[in-house]
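Residue-level listing of the chains:
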Amino acid sequence: MSVSAFASPQRRRVLVFRELPAQQLALLQAQYEVTVANPRLPAHQAAFEAALPLAEGMIGSSVPITEAMLDQAPHLKVISSISVGVDNYPLAALRSRGITLCHTPGVLTETTADTVFALIMASSRRLVELALHVREGHWQRNIDESLFGRDVHGKTLGILGFGRIGQALARRAALGFNMPVLYHARREVDVAQQAPELLGRVQHRPLDEVLSQADIVAAVLPLTPATRGLMNEATFARMKPGAIFINGARGAIVDEAALLRALDSGTLAAAGLDVFATEPLPMDSPLRQHPRVTALPHIGSATHETREAMAAMATRNLLKALAGEAPEGLYAEGPEPL
Ligand SMILES: NC(=O)c1ccc[n+]([C@@H]2O[C@H](COP(=O)([O-])OP(=O)(O)OC[C@H]3O[C@@H](n4cnc5c(N)ncnc54)[C@H](O)[C@@H]3O)[C@@H](O)[C@H]2O)c1
Ligand SMILES: O=C(O)[C@H](O)CO
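Reading the values: the criteria
Residues numbered from 1 in each chain as written. Chains lettered and ligands numbered in written order. Predicted model: local features only at pLDDT ≥ 70, side-chain atom pairs only at ≥ 80, totals over all residues. Heavy atoms only, no water. Axes fitted to C-alpha atoms, helices over the stretch in contact; angles between N-to-C directions. Helix = DSSP H or I, 4+ residues; strand = E, 2+ residues; numbered from the N terminus. Parallel < 35°, antiparallel > 145°, perpendicular 65-115°, else oblique. Left-handed = near helix turned anticlockwise from the far one by under 90°. Contact = heavy atoms within 4.5 Å. Nonpolar A, V, L, I, M, F, W, Y, C, P; charged D, E, K, R; others polar. Pairing = 2+ DSSP bridges. Right-handed = clockwise from strand over helix to strand, strands pointing away. Near = heavy atom within 4 Å. Polar contact = N/O pair within 3.5 Å; in protein donor to acceptor, adjacent residues only side chain to side chain. Areas by Shrake-Rupley, 256 points an atom, 1.4 Å probe, with all protein chains shown as cover.

Caption draft 1: Examining the packing of helix α5 (residues 109-125) against helix α7 (residues 164-177) more closely. At a minimum axis distance of 8 Å, the contact between α5 and α7 shows a crossing angle of 55°. Relative to α7, the element α5 is oriented oblique. Viewed along their axes, α5 and α7 form a crossing whose handedness is right-handed. Each of T109, E110, T112, A113, D114, V116, F117, I120 and M121 in α5 lies in contact with α7, whose residues at this interface are R164, I165, A168, L169, R171, R172, A173 and F177. For the contact of α5 with α7, the class distribution of residues is 10 nonpolar, two polar and five charged.

What follows is the structure, encoded as structure tokens:
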């Protein structure tokens, strides 16, 4: 991606802070003067900062937007995130400044649930480890039980967060793999109304019960002040000995040092992680080499189809919100603030 600006003083300005497909970029350029500058790239930082003072709209993802940036952007009206998670945005500051936040719920739900289920399979059946066993030439005779995995079908799945992705994950587990599902969420879901196919197959339980009864626990809830560090020394200690932990949410919901201790003490048999406290995962992170960790580079929604759908939705959101119309992906905090 190159830093680019298309000068025309009278046009309203939009700042694209992460790569956008050409088709979406063209839609923006047809109406607005567009600067493309990703502040995570040193070569783009100056252009990003220079674009803030006149920007009315911003679109992108994976960049923490700070109050200091908002201070530099007095004309900003809309931020359109190419993500469903909104933990990169200072929600209270946006609210108090009257800046609209949009996101991309729904279009990535099924793909992210696929990724989380893939991590469940990979961690339980040791798929990555055993594929490397073959690739690295260690398959010289039939494997013995030291390389056996654990069944997934029929095991109890605990889901932390039972919104769009949690319910899509429950469908895969309950309907496809005959797994009883326990879930922990801020409130009980009316399954008969919202997910009738899961009636009788999922149960809302307090966190402690989900942790102590599930064979596999998968986190798919947002990162908020209430969920930061949710999985820590005490909560890992409540999990079944030999259980498996999967994180498809955000890295910071986990105390990674406590996770490593739970793996090394034998409390956890394995962990499957798509997200980390620091991304990309630092070279010296022990999670990178741990034999019982399957680590992915934050690919929950990373398919061609889904990333295109997210970019298209985020672009529509930005155009609508800047036109003063109601965008499909308006981020609205629920009755309980995050
Ligand atoms: N790994 C990835 O690439 C990837 C992709 C998409 C989404 N995500 C993450 O998944 C999250 C969930 O997405 P979604 O579309 O299912 O959201 P959603 O809003 O539909 O569902 C969130 C669920 O979490 C629950 N929850 C919220 N705060 C809670 C708390 N303090 N305690 C217990 N439960 C709580 C809610 O009650 C709800 O059931 C996103 O916010 C994002 O961080 C990750
Ligand atoms: O929140 C999301 O949409 C995913 O994590 C992709 O960034």
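Next comes the rest of the account.
Caption draft 2: Spotlight on the pairing of strand β8 (residues 181-184). Bridging between strand β7 (residues 157-160) and β8 involves four bridges; their strand directions are parallel. By the bridge assignment for β8, I159 is matched with Y183. In the classification by handedness, the crossover that spans β7, the intervening α7 and the parallel β8 is right-handed. As defined by bridge partners, β8 adjoins strand β9 (residues 202-204) across three bridges and the pair is classed as parallel. Considered in β9, the bridge of V181 is made with V202.

Caption draft 3: Quick peek at the site of ligand 1. In the vicinity of ligand 1 lie 24 residues, with F162, G163, R164, I165 and D274 positioned nearest. D274 places a polar side-chain atom, nitrogen or oxygen, 2.8 Å from a nitrogen atom of ligand 1. H298 places a polar side-chain atom, nitrogen or oxygen, 3.2 Å from an oxygen atom of ligand 1. Burial of ligand 1 by the protein chains amounts to 88% of its free accessible area of 870 Å². Residues that form the shell around ligand 1 fall into these classes: 10 nonpolar, 10 polar and four charged.

Caption draft 4: Representation of the site of ligand 2 within the structure. Residues in contact with ligand 2, as listed here, are S83, V84, G85, L108, R250, H298, S301 and M310. The backbone of V84 places a nitrogen or oxygen atom 2.7 Å from an oxygen atom of ligand 2. Within the side chain of R250, a nitrogen or oxygen atom sits 2.6 Å from an oxygen atom of ligand 2. In the complex, 86% of the free accessible area of ligand 2, which totals 230 Å², lies under the protein chains. When the residues that make up the shell around ligand 2 are grouped by side-chain class, the tally is three nonpolar, four polar and one charged.

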